[in-house]
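# Coordinate inspection notes
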Protein chains: 2
Amino acid sequence: MAQHPKVIGAMVDVAARMGTGAGGTRNIAGTNHPLVELERELADLHGKPAALLFTSGYVSNQTGIPTIAKLLPNCLILSDALNHNSMIEGVRQAGCDKQVWRHNDLAHLEELLKAADPARPKLIIFESLYSMDGDIAPIHAICDLADKYNAMTYVDEVHAVGMYGPRGGGVSEREGAAARIDVIEGTLAKAFGCLGGYITGSAELIDAVRSYAPGFIFTTALPPAICAAATAAIRHLKASQWERDRHQDRAARVKAVLNAAGLPVMPSSTHIVPVLIGDAEKCKMASDMLLADHGIYIQPINYPTVPRGEERLRITPSPYHDDVLIDQLAEALVEVWERLQLPKRRQQMAAE
Amino acid sequence: MAQHPKVIGAMVDVAARMGTGAGGTRNIAGTNHPLVELERELADLHGKPAALLFTSGYVSNQTGIPTIAKLLPNCLILSDALNHNSMIEGVRQAGCDKQVWRHNDLAHLEELLKAADPARPKLIIFESLYSMDGDIAPIHAICDLADKYNAMTYVDEVHAVGMYGPRGGGVSEREGAAARIDVIEGTLAKAFGCLGGYITGSAELIDAVRSYAPGFIFTTALPPAICAAATAAIRHLKASQWERDRHQDRAARVKAVLNAAGLPVMPSSTHIVPVLIGDAEKCKMASDMLLADHGIYIQPINYPTVPRGEERLRITPSPYHDDVLIDQLAEALVEVWERLQLPKRRQQMAAE
């Protein structure tokens, strides 16, 4: 098509340099080849016809949710009580009616669905894996309710993509539920080690979001190098199971060793290992002591990230933590627990 | 401080790999050394005590403006009519009263300021350089009004940082007005060729936004490599005037050549060269013809980026466009103008 490639190169330069930005907005000059390739890779990852890339996972929820909700006349959003702030902001910006169902409580969700006008469009939004407790949503059961009450489903797989499912498609892939979900949202900034976020779904839905989401239209596209890096990471984790197996193995070992040491590990079926402290000041002190006296960096998780009284250390072992490191971690935690006179595991938790 | 660097390294790995993300959230594990260095560089660029980095310029406005407004009890926002969508979204999310002043109309701004309760906190938000028309705000005069009516000022320098001011501090630096403005916002995704956005201001204000902005707290930090690249670009443009001089020289030549060819160049005092078409379909056709038949890529700017009837080609020459390329551009535009029977320059515009 291009007759004067040199001139094109120079004029693309206009956009790529001092003009419309390093990348430009997607609808002006920002849609580059590696970005299109990345979107194809993401659509394939979740078995969906189309995908749309955003500057972050936060932005994908914050602008994706209200855009979808506004396209459904008089939409009712049903939101899990522990949904991430980016989803809460998205719901708030949708400006439509919303109802919050108790976390992972199917009976409560059904009660709310049943009470709503059957003809009314409904959107159920939830996470597949909740990052602060490490628990998992009953995806198939939620989809059963969505089918029964004619609701759309939107799942945040941010803490699962790359890490769960035979190709890293998340918990929905692992459970064979991806095809039942209307919108699967994810991030490139966790398992894929990059940055950016996305949604996947039907071609019509993705086109609608592309055309109406202000947080997509008026922002700069991710640069080609970032997109290419993300595509490489996704392709690697589609083919390699080693990281996922080792990741789970390491998480299991951390849980076993900390439990054996009598530490109050909060129950979790995933790679996330929360250890309860229940006091903001002591949580911060424990983190400081671990760093200063043991050379171990674990962040205190305090309000507003978790409710007051549920302050914790959250440990997320990687595939590269060996047995020696995990044993050192347990010893360090025990020492800190004694110094701060923190409570050990309760009897009923020990009996689990 | 670190006694076991190997263990630290491994545990930071937790955050850096499959745990809390490639970077982690800023308040958990995402604050890395290159990021802190970048924030210092940005604060210095605008002569402010502090800076805060966001994932994009869009996000910095969208979450920065409402966070600041909510910290001011009963705040009244006064917003220029042509402010960018990210600022409009920020104002909307603030949820407080807002008044829109006619674009760059100081009399209208004063009228609104005068009518408001003198004791009421006020926030004037505007851009230094408006990207679709290429015109500039009367920054000192706006600051005079802010002083007179005790209002805070927030300026978006997205289209000016790196490109204006002796060190690339934007139009506010060029006019010696930076110290009079409370918050200067900018991007790393245009002149600095990278990605990310930021605000700069007093240490107290930056700390408040850091502590209260959901779009900052709950998102992943920019990775170290991106931050280091941005810092390098800012440092280069602080010291090198060549790009800025050449940029202005090239823009002036494009305007002169297109004006001489009778094309309807819209008046602009900056590097942005809009050429009016005034019809969405013909605007798209002109862009397609330029690419297919002349090998030149210039994007059509249609609604909603500009109002209907003001559709245009927007040309933003870079320092690397030589005279030959500019002459080819003029010839191509003339050919397309004739083929589409587009109006040439009106007489009164020619007389300017």
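Here, every reference points to the structure presented above.
Just so it is clear, the structure is predicted and the values come from calculations on it, not from any experiment.

Parameters at a glance
Residues numbered from 1 in each chain as written. Chains lettered and ligands numbered in written order. Predicted model: local features only at pLDDT ≥ 70, side-chain atom pairs only at ≥ 80, totals over all residues. Heavy atoms only, no water. Helix = DSSP H or I, 4+ residues; strand = E, 2+ residues; numbered from the N terminus. Rg over C-alpha atoms; globule rule 2.2 N^0.38 Å. Buried < 20%, exposed > 50% of the residue type's maximum accessible area, 1.4 Å probe, protein only. Contact = heavy atoms within 4.5 Å. Areas by Shrake-Rupley, 256 points an atom, 1.4 Å probe, with all protein chains shown as cover. Core = buried A, V, L, I, M, F, W, Y, C linked by side-chain atoms within 4.5 Å. Pairing = 2+ DSSP bridges. Axes fitted to C-alpha atoms, helices over the stretch in contact; angles between N-to-C directions. Expected span 1.5 Å × (residues − 1). Arc of directions from axis to C-beta. Parallel < 35°, antiparallel > 145°, perpendicular 65-115°, else oblique. Nonpolar A, V, L, I, M, F, W, Y, C, P; charged D, E, K, R; others polar. Salt bridge = Lys/Arg side-chain N within 4 Å of Asp/Glu carboxyl O.

Along its length, chain A carries 15 helices and 10 strands. Computed over C-alpha atoms, the radius of gyration of chain A comes to 22 Å, within 12% of the 20 Å expected from 2.2 N^0.38 for 352 residues, which places it in the range of a compact globule. Scored against the burial criterion, the 352 residues of chain A give a buried share of 61%. Within chain A, contacts between residues at least 6 apart in sequence are counted, and of these 70% link residues at least 24 apart. As displayed, chain A has an accessible area near 13300 Å², and 54% of this comes from carbon and sulfur atoms.

Another point: the environment of Thr219(A). Here Thr219(A) is to be found in the loop between helix H10 (214–217) and helix H11 (224–239). Residues Thr219(A) and Gly24(A), 195 residues apart in the sequence, show an inter-C-alpha distance of 7.8 Å. If near-sequence neighbours (up to four positions away) are discounted, Thr219(A) is found in contact with Gly24(A), Thr25(A), Arg26(A), Thr55(A), Ser56(B) and Tyr58(B).

Counting 104 residues, the largest nonpolar core has Ile124(A), Leu188(A), Ile124(B) and Leu188(B) as the members making the most contacts within it. Those residues in contact with Leu188(A), other than ones at most four positions away along the chain, are Leu38(A), Leu42(A), Leu53(A), Gly193(A), Cys194(A), Leu195(A), Gly196(A), Tyr198(A), Ala230(A) and Ile234(A). Judged by nonpolar contacts, the second largest core, of 54 residues, contains Ala50(A), Tyr154(A), Met87(B) and Ala94(B).

Looking now at the sheet that holds strand S7 (residues 197–201) of chain B. All names here are of chain B. Strand order in this open sheet of seven strands is S1-S7-S6-S5-S4-S2-S3, and the pairing throughout is mixed. Lying at the two open borders of the sheet, with one neighbouring strand each, are strand S1 (50–54) and strand S3 (97–101). Strand-to-strand, the axes of this sheet are offset by a mean angle of 20°, without reference to chain direction. Strand direction decides the pairing type here: strand S5 (residues 151–156) and strand S6 (residues 183–187), joined by three bridges, are parallel. The partner of Val155 across the bridge, within S6, is Ile184. Sitting on the sheet, helix H3 (residues 33–45) is in contact with S1 and S7, with an inclination near 125° to S1.

Let's shift gears to the environment of Pro274(B). Residues and elements named next belong to chain B. For Pro274, the location among the structural elements is in strand S8 (residues 273–276). For Pro274, a relative accessible area of 0% gives the class buried. Here the alpha-carbon distance between Pro274 and Glu310, two residues 36 residues apart in the chain, equals 10 Å. With sequence-adjacent residues up to four places away left out, Pro274 is seen in contact with Met132, Asp133, Pro264, Val265, Met266, Ser268, Arg312, Leu313 and Arg314.

Residues and elements named next belong to chain B. Taking 1.5 Å of rise per residue, 19 residues should cover 27 Å, and helix H12 (residues 242–260) covers 27 Å from first to last C-alpha, within 8% of that figure. All of the buried residues along H12 are Glu243, Arg244, His247, Arg250, Ala251, Val254, Lys255, Val257 and Leu258. Residues of H12 that are buried make contact with helix H11 (224–239), S8, strand S10 (312–315) and helix H14 (323–339). Note on H12: the residue one or two positions beyond its end, Gly262, has a positive phi of about 80°.

Since the α-helix turns once every 3.6 residues, residues separated by three or four places project in the same direction. Residue and element names in this part refer to chain A. Listing the buried residues of helix H9 (residues 203–212) in full gives Leu205, Ile206, Ala208 and Val209. Each buried residue of H9 lies within a common arc of 160° when the element is viewed along its axis, so the set occupies one face. Considering only its buried residues, H9 is in contact with strand S1 (50–54), helix H4 (57–71), strand S5 (151–156), strand S6 (183–187) and strand S7 (197–201).

Below, the discussion takes up unusual backbone geometry. Put simply, Tyr303(A) and Pro304(A) share a cis peptide bond, and its omega is 10°. With respect to the secondary-structure elements, Pro304(A) resides in the loop between strand S9 (300–301) and strand S10 (312–315). Located in the positive-phi region is Asn150(A), a residue other than glycine, with phi close to 55°. Topologically, Asn150(A) is positioned in the loop between helix H7 (139–148) and S5. Of note in this structure, Asn74(B) is not a glycine but carries a positive phi near 60°. Counting through the fold element by element, Asn74(B) comes out in the loop between helix H4 (57–71) and strand S2 (76–80).

Residues and elements named next belong to chain B. A sheet is described by the order of its strands in space; here three strands give the open sequence S8-S10-S9, paired in antiparallel fashion. The strands lining the two open edges of the sheet, one partner per strand, are S8 and strand S9 (300–301). Bridging between S8 and S10 involves four bridges; their strand directions are antiparallel. Residue pairing across strands places Val273 opposite Ile315, the latter belonging to S10. Across the sheet, helix H13 (residues 280–294) touches S9 and S10, and the angle it forms with S10 is around 45°. H14 rests against S8 and S10 of the sheet, and its axis sits at about 175° to S10.

Residues and elements named next belong to chain B. Interaxial distance between H4 and helix H9 (residues 203–212) falls to 10 Å at its minimum, and their mutual angle equals 105°. Considered as vectors, H4 and H9 are oriented roughly perpendicular to each other. Here Thr67, Ile68 and Leu71 of H4 lie close against H9, whose contacting residues are Leu205, Ala208, Val209 and Tyr212. Partitioned by chemical class, the residues of the contact of H4 with H9 number six nonpolar, one polar and no charged.

Moving on: the pattern of salt bridges. Residues and elements named next belong to chain A. Scanning the entire structure with this criterion turns up 46 salt bridges over all chains. A salt bridge links Lys238 to Asp44; the shortest N-O distance between them is 2.7 Å. Residue Lys238 is found in helix H11, and its partner Asp44 is found in helix H3 (residues 33–45); the two are separated by 194 residues along the sequence. Residue Arg312 pairs with Asp133 through a salt bridge whose shortest N-O separation is 2.9 Å. Of the two residues, Arg312 sits in strand S10 while Asp133 sits in the loop between strand S4 (122–127) and H7, which places them 179 residues apart along the sequence. Overlapping salt bridges, with partners in common, bring together Glu41, Asp44, Arg167, Glu173, Arg235 and Lys238 in one network.

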